[in-house]
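Examining the three-dimensional arrangement
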Amino acid sequence: MPIPPLPSPATIGFLHTSPLHPATFDGLLAALTPSVHTVHVIDESLLAEARHAGITPALEARVIKALQDLARQKPSLIVCTCSTIGPVAEAASAQLSCSVIRVDRPMAEAAIRMTRQAAGPVVVAAALASTVEPTVALLESVARADGTPMPDIRLIPCFESWEAFERGNLASYGQEIAQAIEPAAAGASAIVLAQASMMAALPFLRHLRAPILTSPAALVAALGDALPANPNG
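A few points on the structure. (Residues numbered from 1 in each chain as written. Predicted model: local features only at pLDDT ≥ 70, side-chain atom pairs only at ≥ 80, totals over all residues. Heavy atoms only, no water.)

**Observations regarding the overall build of the chain**
The criterion, for reference: In this description a helix means any DSSP run of H or I spanning at least four residues, a strand means any run of E spanning at least two, and both kinds are numbered starting from the N terminus. In this description the radius of gyration comes from C-alpha coordinates, and the expected globular size is given by 2.2 Å times residues to the power 0.38. Note on exposure labels: buried denotes an accessible area under 20% of the residue type's maximum, exposed denotes more than 50%, and partly exposed covers the range between, all computed with a 1.4 Å probe on protein chains only. By definition, residues are in contact when any of their heavy atoms lie within 4.5 Å. Surface exposure here means Shrake-Rupley accessible area, sampled with a 1.4 Å probe, where a residue is shielded only by the protein chains that are shown. Neither His nor the chain ends is counted toward charge; the positive residues are Lys and Arg and the negative residues Asp and Glu. Think of each charge as sitting on NZ of Lys, CZ of Arg, CG of Asp or CD of Glu.
Looking only at helices and strands, one finds nine helices and eight strands in the chain. Computed over C-alpha atoms, the radius of gyration of the chain comes to 17 Å, within 12% of the 17 Å expected from 2.2 N^0.38 for 233 residues, which places it in the range of a compact globule. With the C-alpha coordinates of the chain rotated into their principal frame, the extents come out at 45 × 45 × 35 Å. By residue count, 52% of the 233 residues in the chain fall in the buried class. In the chain, once contacts between residues fewer than 6 apart in sequence are set aside, the share between residues at least 24 apart is 71%. Of the roughly 10,500 Å² of accessible surface on the chain, 54% is carried by carbon and sulfur atoms. In the chain, which carries 14 positive and 19 negative side-chain charges, the distance between the mean positions of the two groups comes to 5 Å.

Here's what the structure looks like:
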């Protein structure tokens, strides 16, 4: 499911469940192009409710309402940066005036492409239990749609690291994730950091041979592909 072609300039609407995410995406997009503007909506309670009660009809209605409110600002595309509620957000596209993409879809597509180029499992690290099922389901769905043999997925739970993220200690958060991943990294075709926040682990994993995929970087690269070519570039 490639991102549809975007106008230039484009406005990207983001639905976040952490106040730390807007700066990450604004920084990546600013480094990519000056022709993308952003609108950010943050609702931490959506993830909190999903973790407490799962994906319920009431939560689905709340996610749709948040997306509808964001769509009224007329973005070219909406991105849901929470992997837990991402499937609900994408499913709501039909009810909105613009497309919605979950932040981890371009990363999953990249991971499946890599399984065609190198043998070995896809290592999936997750800092929240609520992220595991939607991430694995997305990888399997992308593989089926692509006609690629179902990958061997090696799950690495990093659940104890989440406390450091909630404290705002991103260095400790990243280090704890890296420590969990390193013993399982050998022979991997790709390492998937399942949540946008897990980009904090990247500085501690650069020495690994396997490619490391983060959803913010993969998403921004896909946005770049969807923008018109720069005639002066």
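From this point, things continue past the structure.
**Some thoughts on the packing of aromatic side chains**
Which entries qualify depends on this criterion: Each pair of aromatic rings taken from Phe, Tyr and Trp, with Trp reduced to its six-membered ring, is defined by centres within 6.5 Å and is described as stacked if the planes are under 30 degrees apart, edge-to-face if over 60, and tilted in the remaining cases.
Summed over the entire model, instances satisfying the criterion amount to four aromatic pairs. Where F14 meets F25, the ring centres are 5.0 Å apart and the plane angle is 40°; that geometry is what we call tilted. One end of the pair, F14, is in strand β1 (residues 10-16); the other, F25, is in helix α1 (residues 21-32), with eleven residues separating them in the sequence. Here the aromatic rings of W162 and Y173 are separated by 6.1 Å at their centres, their planes lie at 75°, and the arrangement is edge-to-face. With W162 in helix α7 (residues 162-166) and Y173 in helix α8 (residues 170-181), this pair connects stretches of sequence that are eleven residues apart. As far as burial versus exposure is concerned, W162 and Y173 are alike and both buried.

**Observations concerning unusual backbone geometry**
Backbone torsion omega between S8 and P9 reads 5°, so that peptide bond is classified as cis. Of note, P9 is situated in the segment before β1. A positive phi angle is found at K74, which is not glycine, with a value near 60°. Looking at where K74 falls in the secondary structure, it is placed in the loop between α3 (57-71) and β3 (77-80).

**Observations regarding the nonpolar core**
Stated formally: Joining through side-chain atoms within 4.5 Å is the link that ties buried Ala, Val, Leu, Ile, Met, Phe, Trp, Tyr and Cys residues into a set, and such a set is a nonpolar core.
Membership of the largest hydrophobic core comes to 48 residues, with the highest contact counts inside it found for L67, I85, Y173, I181, I191 and L193. Going through the elements one at a time, α2 (44-53), α3, β3, α4 (86-91), β5 (122-126), α7, α8 and β7 (190-193) are the ones with two or more residues in this core. Per-element accounting of this core gives the leading share, seven residues, to α3. Those residues in contact with I181 that lie beyond four places of it in its chain are A125, I156, I191, L193, L205 and L208. In this structure, A108, V122, A190 and V192 belong to the second largest nonpolar core, which totals 20 residues.

**Description of the packing of helix α5 (residues 105-115) against helix α6 (residues 129-146)**
What counts, and what does not: Fitted lines through C-alpha atoms give the axes, limited to the stretch in contact for helices. The angle between two N-to-C directions lies from 0 to 180 degrees. Any angle from 65 to 115 degrees is called roughly perpendicular, while one under 35 is roughly parallel, one over 145 is roughly antiparallel, and all others are oblique. Working rule for handedness: look at the near helix, and if it is turned counterclockwise from the far one by less than a right angle, call the crossing left-handed; if clockwise, right-handed.
The contact between α5 and α6 brings their axes to 9 Å, and the two run at 60°. Taken as axis vectors, α5 and α6 run oblique relative to one another. Where α5 crosses over α6, the handedness of that crossing is right-handed. Packed against α5, whose contacting residues are R105, A108, E109, A111 and I112, the element α6 presents L138, L139, V142, A143 and D146 at the interface.

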